[in-house]
Amino acid sequence: MKDHQLKALVQVADCGSIRAAARAMHLSPSALTKALRELEEDVGAELLTRSYKGVEFTPAGSALLVRARLVLTTLDKARDEVRYLRGGAGAKITAAITPTIATTALPGVLKDFERLQPDAQLTLIEGMMTSVIPALHEGSIDFAVVITDPEDLPHDMDFEPLGLVRGTVVGREGHPLADAREWSELRNARWVLNLIHGSTGHHLLDWLERSGLERPVNPVLCTSPTLMLELTRHTDLIGFGPEPLFLDPVFSVGVQRFTELPAAPPMSLGILTLRGVPLSAAARPLAELFARHIRQPTPVLSS
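Notes on the structure follow. Small disclaimer: the values here were computed from a predicted structure and weren't measured.

### Side note on the packing of aromatic side chains
Now for step 1: Within this structure, the stated rule accounts for three aromatic pairs.
Now for step 2: Ring geometry for W183 against W207: centres 5.6 Å apart, planes inclined by 70 degrees, an arrangement best described as edge-to-face. One end of the pair, W183, is in the loop between β7 (167-172) and β8 (191-193); the other, W207, is in helix α8 (residues 200-210), and 24 residues separate them in sequence.
Now for step 3: Residue W183 is classed as buried on the basis of its relative accessible area, which comes to 10%.
Now for step 4: You can call W207 buried: its relative accessible area is 12%.

### Some details on the sheet that holds β8
Strand pairing in a sheet is mediated by backbone hydrogen bonds. Such pairs are either parallel or antiparallel.
Now for step 1: The mixed open sheet is built from five strands, whose spatial order is β9-β8-β10-β7-β11. The open sheet has two free edges, formed respectively by β9 (220-221) and β11 (255-257), since each of these has just one partner strand.
Now for step 2: With two bridges connecting them, β8 and strand β10 (residues 238-242) associate as parallel partners. The partner of V192 across the bridge, within β10, is G239.
Now for step 3: The strands touched by α8 within the sheet are β8 and β10, with β10 carrying the most contacts at an inclination of about 105 degrees.

### Details of helix α9 (residues 225-234)
Now for step 1: Residues of α9 that are buried: P225, M228, L229 and T232. Down the axis, α9 shows its buried residues gathered within 100 degrees of arc, on one side only. The exposed residues of α9 that point more than 90 degrees off its buried face are T226 and H234.

### Digging into the nonpolar core
Now for step 1: I101, F143, V145, I271, F290 and I294 are the most contacted members of the largest nonpolar core, which has 27 residues in total.
Now for step 2: Of all the elements in the fold, those that place two or more residues in this core are β3 (92-97), α6 (106-116), β5 (143-148), β6 (157-165), β12 (267-274) and α11 (283-295).
Now for step 3: For this core, the element with the highest residue contribution is α11, accounting for seven residues.
Now for step 4: Those residues in contact with V145 that sit more than four places away from it in its chain are A96, I97, T98, I101, L269, G270, I271, F290 and I294.
Now for step 5: By size, the runner-up hydrophobic cluster in this structure holds 19 residues, among which are A8, V12, A35 and L36.

Calculation notes
- Residues numbered from 1 in each chain as written.
- Predicted model: local features only at pLDDT ≥ 70, side-chain atom pairs only at ≥ 80, totals over all residues.
- Heavy atoms only, no water.
- Phe/Tyr/Trp six-rings, centres within 6.5 Å; stacked < 30°, edge-to-face > 60°.
- Helix = DSSP H or I, 4+ residues; strand = E, 2+ residues; numbered from the N terminus.
- Buried < 20%, exposed > 50% of the residue type's maximum accessible area, 1.4 Å probe, protein only.
- Pairing = 2+ DSSP bridges.
- Contact = heavy atoms within 4.5 Å.
- Axes fitted to C-alpha atoms, helices over the stretch in contact; angles between N-to-C directions.
- Arc of directions from axis to C-beta.
- Core = buried A, V, L, I, M, F, W, Y, C linked by side-chain atoms within 4.5 Å.

Structure (structure tokens):
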């Protein structure tokens, strides 16, 4: 299994065809096809099939593609790390961050990190669990700071818990249900929720079901915290999200928390990495800064 063979496999996936992949790699289609055939011989399985629809990956090809992306990304990071350790150009670090951290630990982390590694190229993306896990598998991010249920994580993920985050129900200022004291009072409410696996909304519905309480009926589904906020701010839809976001005076303008309701159990906040893949010399200090800043205030991020 050679470097150029894995690159050929990934390029076909990215380009959608042998011919387009060959152009992108400045190869002839026959040369790229040869590399793919050699790779198939090496692993002992068919990786691609051709049909009138174009090139399709077999189950074995799809499985190898995920690992090929990780291998190639890891090699690139290894080269960058060697250059960094030898005094070369600044390191490149990509991390996925839950929006909750943007209003709490992130400003302090960035301030300290800029002093520590002023030349580093830092990329931050939003830490939604449905995108974080594939990104870690492919090596496109170094680590993630996420809110999750550790029991729901794949076996190849390592999770370092740093604290707990409470969720809260929110609605527009002056919402007629804002003083509700029992969950039953919300049975006729219209909700907007993020229900992707591992989200706070998914956590809420699981808890309501386990507790024998009525779940929201036909909620509006939304994965964007900003869009969800605007909907709760300008309509009678109510939502559920990490409490630290709604304690921020800027983020929470126009909305209020339903503080009289019995609280749902908190979720875990921590650092997620791919098991067996060590953080680079540049990414490790950033992860340590997140750990320190998140642990400092209190073990539970809430009011």
